[in-house]
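Listed below, chain by chain, are the residues.
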Amino acid sequence: MLPIPDGELMPTVEVRKEVIRLIRGWQADIVITFHPEGPGHADNRNAGRAVRDAADFVANVPNAVPEVPALTKSPLYLLMPDYAARRSYKPDIVIDAGDVMERKLLACDAHASQFYEFAPWQGGFLQDVPERWEEKRQFILKHWETFLRVSDEMIPAIVEGYGEKHAAKIQYAEPFEIADYSRRPSADEIKRLFPMLTPSEESLP
């Protein structure tokens, strides 16, 4: 979390340097960001641009931000879906989120200004915001269903990752697109980085 006010994030050189510092400091294997040309919130788009601009320097240019050693291998850069550009989004990796769905909903609940204030006000359903958790849980599932549930474009990647039997049972998932500026991982690296994608015997056709 950088000290930049909402709506004021810009892909400046200083922001790029800070992103380089952070990625190197974490020795990241995977970096998840927004699409640099997404049509949504400007902060999301500019965050994606800052990461895209930093990606060239993280591993390949040691004299950029020299106080933090460059990585020996470039991370895998993944893009979260921009649902305003769904037709052009390609889910390359899709993770079954069923086992962690309650934790995800609680994370949404903790982001009260988004889920119980601004978005309901913007969408005209502020009067429907409930008080108790069980009702809030259903409220989030109802109004953000398209962001949570499996959709048609995810199915090929789910089947590839989990096998047809397991894929048929998945209701909630997290899709990721491999960024066009990212290196392309091998099948073996995908299995290492995402061990949950190896189909179990009972999920095989």
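For the structure itself, consult the block above.
The structure presented is a predicted model; accordingly, all values stated were derived computationally and were not measured. (Residues numbered from 1 in each chain as written. Predicted model: local features only at pLDDT ≥ 70, side-chain atom pairs only at ≥ 80, totals over all residues. Heavy atoms only, no water.)

(A) Structural view of the layout of surface pockets. The volume enclosed by the largest pocket comes to roughly 2,300 Å³. In terms of lining residues, the largest pocket is bounded by 50 residues, among which Phe 34, His 41, Asn 44, Met 80 and His 111 are the most central. Mapped by element, the contributors of at least two residues to the lining of the largest pocket are helix H1 (13-26), strand E1 (30-33), helix H2 (42-58), helix H3 (101-110), helix H4 (112-123), helix H6 (145-148) and strand E4 (173-178). Among the elements that line the lining of the largest pocket, the one with the most residues is H4, at seven residues. Classifying every residue of the lining of the largest pocket gives 33 nonpolar, eleven polar and six charged. Within this model, the second largest pocket holds a volume of roughly 380 Å³. (1 Å grid on protein atoms, 1.4 Å probe; cavity = no way out; pocket = protein on both sides within 12 Å on 5 of 7 lines; lining within 4 Å. Points joined across faces, edges and corners; volume = space filled by probe spheres on them. Helix = DSSP H or I, 4+ residues; strand = E, 2+ residues; numbered from the N terminus. Nonpolar A, V, L, I, M, F, W, Y, C, P; charged D, E, K, R; others polar.)

(B) Just the pattern of salt bridges, in detail. Under the defined criterion, the tally for this structure stands at 14 salt bridges. With its nearest N and O atoms 3.1 Å apart, the salt bridge here joins Arg 21 to Glu 18. Note that Arg 21 and Glu 18 are positioned in helix H1 at a spacing of three residues, about one turn of the helix. Residue Glu 189 is joined to Arg 183 by a salt bridge in which the shortest nitrogen-to-oxygen separation is 2.7 Å. Members of the salt-bridge network, linked through shared partners, are Glu 37, Arg 49, Arg 52 and Asp 53. (Salt bridge = Lys/Arg side-chain N within 4 Å of Asp/Glu carboxyl O.)

(C) Here's a closer look at the sheet that holds E4. Taken in spatial order, the four strands make up an open sheet running E1-E2-E4-E3, and their pairing is mixed. If you trace the sheet from one side to the other, it starts and ends with E1 and strand E3 (93-96), each paired once. Taken over all neighbouring pairs, the strand axes of this sheet differ in orientation by 35° on average, direction set aside. As paired elements, strand E2 (residues 76-79) and E4 share two bridges and run antiparallel to each other. Directly across from Leu 79, in E4, lies its bridge partner Glu 177. Each of E3 and E4 touches helix H7 (residues 155-162); the most contacted strand, E3, lies at about 70° to it. (Pairing = 2+ DSSP bridges. Axes fitted to C-alpha atoms, helices over the stretch in contact; angles between N-to-C directions. Contact = heavy atoms within 4.5 Å.)

(D) Summary view of the nonpolar core. One finds Val 19, Ile 23, Val 31, Val 51, Val 58, Tyr 77 and Tyr 181 to be the most contacted residues of the largest nonpolar core, which totals 21 residues. Counting residues per element, the ones that place at least two in this core are H1, H2 and E2. Among the elements that line this core, the one with the most residues is H2, at six residues. Residues within four places of Val 51 in sequence aside, it is in contact with Val 19, Val 31, Thr 33, Tyr 77 and Tyr 181. One finds Ile 93, Phe 176, Phe 194 and Leu 197 within the second-largest nonpolar core, a separate group that totals 20 residues. (Core = buried A, V, L, I, M, F, W, Y, C linked by side-chain atoms within 4.5 Å. Buried < 20%, exposed > 50% of the residue type's maximum accessible area, 1.4 Å probe, protein only.)

(E) Here's a closer look at the side chain of Asn 46. Examined against the element boundaries, Asn 46 turns out to sit in helix H2. Ignoring anything within four residues of it in the chain, the contact list for Asn 46 reads Leu 9, Met 10 and Pro 11.

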